[in-house]
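In case you want the letters, here they are:
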Amino acid sequence: MGIETYKETNLHRQLKELYSGGNEYTEIKCGNWVCDIINKDGEITEIQTRNLSALERKVRDLTRT
């Protein structure tokens, strides 16, 4: 079981499986955050099935240069 997967909904898990295609890493720690999917090129995919405003701080932190 990956990081934080005990709290995920069935919809979130299914979407993560669909979008990862089995070829990417899932539930990977990125600094202070856990990212849903990271591919081999470092591209992050986040699956959000609830409150979109919850992503604002995470996206801001992950995209800082």
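Reading the values: rules and limits
- Residues numbered from 1 in each chain as written.
- Predicted model: local features only at pLDDT ≥ 70, side-chain atom pairs only at ≥ 80, totals over all residues.
- Heavy atoms only, no water.
- Pairing = 2+ DSSP bridges.
- Helix = DSSP H or I, 4+ residues; strand = E, 2+ residues; numbered from the N terminus.
- Contact = heavy atoms within 4.5 Å.
- Axes fitted to C-alpha atoms, helices over the stretch in contact; angles between N-to-C directions.
- Disulfide = S-S within 2.5 Å.
- Buried < 20%, exposed > 50% of the residue type's maximum accessible area, 1.4 Å probe, protein only.
- Salt bridge = Lys/Arg side-chain N within 4 Å of Asp/Glu carboxyl O.

**Regarding the sheet that holds strand E3 (residues 44-45)**
Within a beta sheet, neighbouring strands are joined by backbone hydrogen bonds and run either parallel or antiparallel to one another. Pairing is antiparallel across the open sheet formed by 3 strands, whose spatial order is E1-E2-E3. The sheet is open, and its two edges are formed by strand E1 (25-30) and E3, each paired on a single side. Bridge count for strand E2 (residues 33-38) against E3 is 2 bridges, and the pairing is antiparallel. Across the sheet, the residue bridging to Ile-37 is Thr-45, located in E3. Contacts from helix H1 (residues 10-20) reach E1 and E2, with the element oriented near 50° to E2. Contacts between helix H2 (residues 55-62) and the sheet are confined to E1, E2 and E3, with E2 contributing the most and set at about 80° to the helix.

**Quick look at the state of the cysteines**
Where two cysteines share a covalent bond between their sulfur atoms, that bond is called a disulfide. Within the structure shown, the criterion is met by 0 disulfides. Not part of a disulfide, Cys-30 finds its nearest cysteine sulfur in Cys-35, a span of 3.0 Å. Look at Cys-30 and you get buried, because its relative accessible area is 17%.

**Details of the pattern of salt bridges**
For the structure on display, the rule yields 6 salt bridges. Lys-16 is the salt-bridge partner of Glu-8, the closest N and O atoms lying 2.9 Å from each other. With a relative accessible area of 6%, Lys-16 lands in the buried category. In this structure, the salt-bridge partner of Glu-27 is Lys-16, at a minimum N-O distance of 2.8 Å. One end of the pair, Glu-27, is in strand E1; the other, Lys-16, is in helix H1, and 11 residues separate them in sequence. Side by side, Glu-27 and Lys-16 carry an identical accessibility label, which is buried.

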